[in-house]
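# Structural features, examined
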Amino acid sequence: RTCGAAMAQSAMWRAVGRPLRAAAIGGAAKRSPCAVAVRWQTTVAPDVTIFNRAKKREQRNAAARLADSKEYDYLRDEVAARLVDRLNDIKRSFPVAADIGCGNGHILRALAGHGDIETLYMTDISEGALARDAASRAEDAARANLKVVPLVADEEFLPFAPASLDLVMSSMAMHWVNDLPSFLSQVRAALKPDGVFIAAMVGGETLYELRGAFATAEMELSGGVQPHMSPMTMMADVGGLMSSAGFTMPTVDIDTISVEYPTPQRLFEHLRNMGESNALEGRKVNPNAAALRDAAAQKYVEMYGDEEGYVPATFEVVHMIGWAPAESQPKPLERGSATASFKDLG
């Protein structure tokens, strides 16, 4: 893994060109009230478009074309490794699996040694991301002892037949999906009875430091705040979304990963080169964007910088597991069927 197999659930990296070493967190940074105030509610009507998917595809393709593209895989590789750790707790085989929003093959690389998947469909909206590591994919597949089938497909329109998959995985892709209820329903329909869905997406208070810095800077410059970053799905909403899509026994938990950068500008660079730039639908060109970015960087250092000049960036990763319904699964007893009373437990 990027920072070692024993990396704690809450971790801090120092990143210069890429993460160089892991360090213990000395204490949580203070959260700006502005960061919380500008958080968006992401429960929207199905016909509301939040993200420009064509723009996101362009950004992902541009990131994949970079000569040093692999230098920016560290976060996705770490999240994929943690997802596979959770998958390893499920002691069963998965003949046919899919990795939705596979990027450059982060889950495939983490699967080496898992041994319980025979065929893996890898889908992504970005043909560039799929093509980047095509030459080494055969080696990765051999290490994982499975057959790989790459497919260019939008995460919002899954190409799988009903009840055709034993396992669906998704890592660091769902936060750009416009209609999460539809996505989850499509995943549920593609799973065989008792099939497993396991995923990880950034959500919650991800990049609260950056949100707070931009909100504070823009308030001082113009007296108002416009959205500059994607809205995030909250952990508390995920279980309900999964249940509404028809999954049984949903389980949700959250990891916090903090990455330290030498300057806010380096963070901006890394987000852009990860393909994680702003892709909000209807985003307007701001003629004062450069001045706002510089002011936000200054506020970032003032609000969150440490004595060495480094600034933290927090990523909250929401992990979820759910099963497609099956007759073999345990079911809750009917209300009123208890044969003992709490009064008798004395």
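Quick look at the environment of Thr 233 now. Counting through the fold element by element, Thr 233 comes out in the loop between helix H8 (208-222) and helix H9 (235-244). C-alpha separation for the pair Thr 233 and Val 202, spaced 31 residues apart in sequence, amounts to 8.0 Å.

Counting buried positions along strand S9 (residues 311-323) yields 13 of 13 residues, so the element is predominantly enclosed. Two elements, strand S7 (residues 191-203) and S9, share eight bridges in a ladder whose sense is antiparallel. Directly across from Val 196, in S9, lies its bridge partner Trp 323. Where strand S8 (residues 248-261) lies against S9, twelve bridges are found, and the strand directions are antiparallel. Bridge assignment links Val 252 to a residue of S9, and that residue is Met 320.

What follows deals with the packing of aromatic side chains. Taken as a whole and assessed by the stated rule, the structure comprises seven aromatic pairs. Taking the centre distance of 5.2 Å and the plane angle of 75 degrees together, the rings of Phe 51 and Trp 176 count as edge-to-face. With Phe 51 in the loop between helix H1 (33-37) and helix H2 (53-65) and Trp 176 in the loop between strand S6 (165-171) and helix H7 (180-190), the pair connects residues that are 125 residues apart, well separated along the chain. Classification of Trp 176 as buried rests on a relative accessible area of 5%. Relative to Phe 268, the ring of Phe 214 has its centre 6.2 Å away and its plane inclined at 45 degrees; by these criteria the two rings are tilted. A residue pair is termed long-range when its members are at least 10 positions apart, and Phe 214 in helix H8 and Phe 268 in helix H10 (residues 264-273) qualify at 54 residues. The residues Phe 214 and Phe 268 share a single accessibility class, namely buried. Each member of the aromatic cluster is reached from another via a ring pair, and the members are Phe 183, Phe 197 and Phe 247. Positioned above the aromatic ring of Trp 176 is the side chain of Lys 56, whose terminal nitrogen or guanidinium carbon lies 3.7 Å from the ring centre.

A positive phi is found at Leu 207, a non-glycine position, where the angle reads about 55 degrees. Mapped onto the secondary structure, Leu 207 falls in the loop between S7 and H8. Since its relative accessible area comes to 7%, Leu 207 is described here as buried. For Met 249, which is not glycine, the phi dihedral falls at a positive 50 degrees.

The rules we used
- Residues numbered from 1 in each chain as written.
- Predicted model: local features only at pLDDT ≥ 70, side-chain atom pairs only at ≥ 80, totals over all residues.
- Heavy atoms only, no water.
- Helix = DSSP H or I, 4+ residues; strand = E, 2+ residues; numbered from the N terminus.
- Buried < 20%, exposed > 50% of the residue type's maximum accessible area, 1.4 Å probe, protein only.
- Pairing = 2+ DSSP bridges.
- Phe/Tyr/Trp six-rings, centres within 6.5 Å; stacked < 30°, edge-to-face > 60°.
- Lys NZ or Arg CZ within 6 Å of the ring centre and 35° of its normal.

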